[in-house]
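# Report on the structure
Each chain, written out:
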Amino acid sequence: MSLFGKDPRNEVRAIRRKTLNMILESSRSSFPNEFGALLRSKEGVIHELVLLPGTISGSRHAIFQLHMMPIDFSIVGTVHSHPSPNFSPSEADLDFFRRYGRIHIVTSYPFEEVDWAAYDLNGEEMELEVVD
Ligand code: ZN
């Protein structure tokens, strides 16, 4: 947890629309499998996806393997898709959120503009502004 300290300069408050669209498109094209990636932020704005090799899997919630997660201060969290209309984090998601990163986005079928939510490390839904 100390890797992701409380330095306000690292606080994530927004995501670029382009990045969000890329997340939703990738979620759609991975369906019915899950899509997963890491989120990179700059000055509080998530602006880039980092793909991990070998993270795509057909089995639900097995997409991230902790031992493969990089230690990189620009990476603030993760995104993954749910092949169902429910973007609430599962028990496995919550367990993972507590171990890695500070912000986690979950998308849900059918992956339209409104089919996502962002959560903090406790699994509480958090506000994330979409900026151009
Ligand atoms: Zn999940």
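You'll find the structure just up there.
Below is a summary of the structure that appears in this document. (Residues numbered from 1 in each chain as written. Predicted model: local features only at pLDDT ≥ 70, side-chain atom pairs only at ≥ 80, totals over all residues. Heavy atoms only, no water.)

## Remarks on the pairing of strand E5 (residues 103-108)
- Among the 6 residues in E5, 6 count as buried, and that is most of the element.
- Of the two faces of E5, the one holding Ile103, Ile105 and Thr107 and the one holding His104, Val106 and Ser108 are both buried throughout.
- Pairing between strand E4 (residues 75-82) and E5: 6 bridges, direction parallel. Each residue of the ladder has a partner; that of Val79, found in E5, is Ile105. (Buried < 20%, exposed > 50% of the residue type's maximum accessible area, 1.4 Å probe, protein only. Helix = DSSP H or I, 4+ residues; strand = E, 2+ residues; numbered from the N terminus. Pairing = 2+ DSSP bridges.)

## Examining the environment of Ala118
- On the secondary structure map, Ala118 appears in strand E6 (residues 116-120).
- Since its relative accessible area comes to 2%, Ala118 is described here as buried.
- C-alpha of Ala118 to C-alpha of Val79: the two residues are 39 residues apart in sequence and 8.8 Å apart in space.
- For Ala118, the contacting residues outside a window of four places in its chain are Ile103, His104, Ile105, Glu124, Glu125, Met126 and Leu128. (Contact = heavy atoms within 4.5 Å.)

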